[in-house]
Each structure stands twice: as C-alpha cells, then as structure tokens.
Amino acid sequence: MEKISDIIKARIEHSGKRYYANSNISEFIKPGDLEKLEAELTESFRSVLDSLIIDQNHDPNSLGTAHRLAKMYLHETMKGRYYPDPKVTSFPNDKDHREHPYDQLLVIRSEIKSMCSHHHQPVTGVAYIGILAAEKLIGLSKYTRIAQWCARRGTLQEELCNDIAREIAKATGSKDIGVYIQATHGCCENRGIMAHSSLTQTTVLRGAFKFDHAVKKEFMDNIKLQQEFAPR
C-alpha cells in the first residue's frame, strides 16, 4: 500500500513546486490526509525510538511517545507547513472610506516559536513588525497570526524575516515594511557549542524602511521602547 507521504510528495513534484522544510504544502493536502499522515508518522517515530533502543512497550515514560511526536510535528511545531495561511480580513484605508486615512508608522510585537531546520531544535523569540499603512488595514492580532504561521515550520531566522515581510505585504498591500527578530536557538544552546546565550538579531527592511533614514530610526526607536516596557 502506497504511503500517504509519497502520494502528497508526488502531487507536489507533479506541480513543479518545492517542498523544503519552510515551504507551505497545504494546497496539496486533501481532506483526510493529515489523519493518515499522523498514523504514518507515528509508525516512523516508533522506528526511530526502536533504533535508539528505547523500550516502548514497558517504559511508562515512552508509552505513546511516537504518537505524541507525530501530533506535535503535524499540528504544532510544523503546523505552518500543513495548514493554510490564516484568514485575514482587511479594511479599506482611503479617503472614500475614511475621513482621515492612517498613513503613519505602526509597530507590532509578536512572540514566535519556530524550529531550526538543521537540527530540529526550538527557536524562541520575538518579531517586531513595522509598516507604513497603505490601502488596506488588518486587525492587530492578524500580524501575530501571520508571523506565527510563518514561524511554525523548519526554517532559519534569516529566512523567517523574509517570509513574514512577504506575507504582511500580501495581506496589506504595503511596500514599506520592516521586520526585526530576536531569538534564541536550541541548536546552539542544547548541543554543539552549548552556548550560554544564543540571542540572535535579524532585520529585513523594505521600501521606506530601507531607504528613508527617518523611518528606519523611528522603527528602531519604537523597538527599543517596546523592549523597555515588555513583560518579563
């Protein structure tokens, strides 16, 4: 019997699209596929645990671990690969609909959790999203939903910055966007160099955020202000 993962993979390859760790492949997943994929993953994780010589039949701490791992990867840690983008309702921001359209800077703080695609270790941090409002406005919570959807997959912090900026641009129509991420990386703290702190900052600037010094400075000043008053 053909595995569901091979069936989904064939659909993607037939379309000519890629299926990297940070790709979203939800368009190729049909109703019922995730349940089948969860069952297949459970068996695969059982195989991994067997190869690690872990007694899955008698160790009380390992009973059901394979299934828990399968659910975690599909529906939590890498959810952004298998589920479609969050539905974002936009509102017009022009003189036909608003007496005073908003055309200034907006900065949103979004907590994110991701996973390093090299070692599948956790990446935990905060994304600051700056935008000069364009023809469409979206709800404040939607910026966080978009950032978390982009983060919930195997990726690198540099790529994640670009992914968030691209999706925010699609949702709002704005070409003036800044994304700043600071995060810690389990791949540096839990293995390898065993770093005491792996805090890493990355920035993507587009439009006015890249070419207008005043806009860039206001964005970075707002980040400092938010960091000063953020809950600890």
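These remarks concern the structure in this document. (Residues numbered from 1 in each chain as written. Predicted model: local features only at pLDDT ≥ 70, side-chain atom pairs only at ≥ 80, totals over all residues. Heavy atoms only, no water.)

This next bit is on the sheet that holds strand β3 (residues 122–132). Pairing is mixed in the open sheet, where five strands are placed in the order β5-β2-β3-β6-β7. Of all strands in the sheet, those bounded by a partner on one side alone are β5 (154–155) and β7 (200–206). Two elements, strand β2 (residues 105–116) and β5, share two bridges in a ladder whose sense is parallel. By the bridge assignment for β5, M115 is matched with G154. Sitting on the sheet, helix α5 (residues 140–151) is in contact with β2 and β3, with an inclination near 25° to β2. Across the sheet, helix α9 (residues 213–229) lies against β2, β3, β6 (177–185) and β7, angled at about 65° from β2, the strand it touches most. (Pairing = 2+ DSSP bridges. Helix = DSSP H or I, 4+ residues; strand = E, 2+ residues; numbered from the N terminus. Contact = heavy atoms within 4.5 Å. Axes fitted to C-alpha atoms, helices over the stretch in contact; angles between N-to-C directions.)

Pairing of β2 with β3 involves 11 bridges; the strand directions are antiparallel. Within β3, the position partnered with S114 by the bridge is V123. Hairpin remark: β2 followed by β3, antiparallel, with five residues in the connecting loop; positive phi at H120, about 55°.

So, on to the nonpolar core. With 27 residues, the main nonpolar core has I164, I168 and I181 as its most contacted residues. Looking at this core, the elements that each hand over two or more residues are β2, β3, α5, α6 (157–172) and β6. Considering each element in turn, this core owes the most residues, seven residues, to α6. Aside from chain neighbours lying at most four places away, what touches I168 is I129, I131, Y143, I146, G173 and I177. (Core = buried A, V, L, I, M, F, W, Y, C linked by side-chain atoms within 4.5 Å. Buried < 20%, exposed > 50% of the residue type's maximum accessible area, 1.4 Å probe, protein only.)

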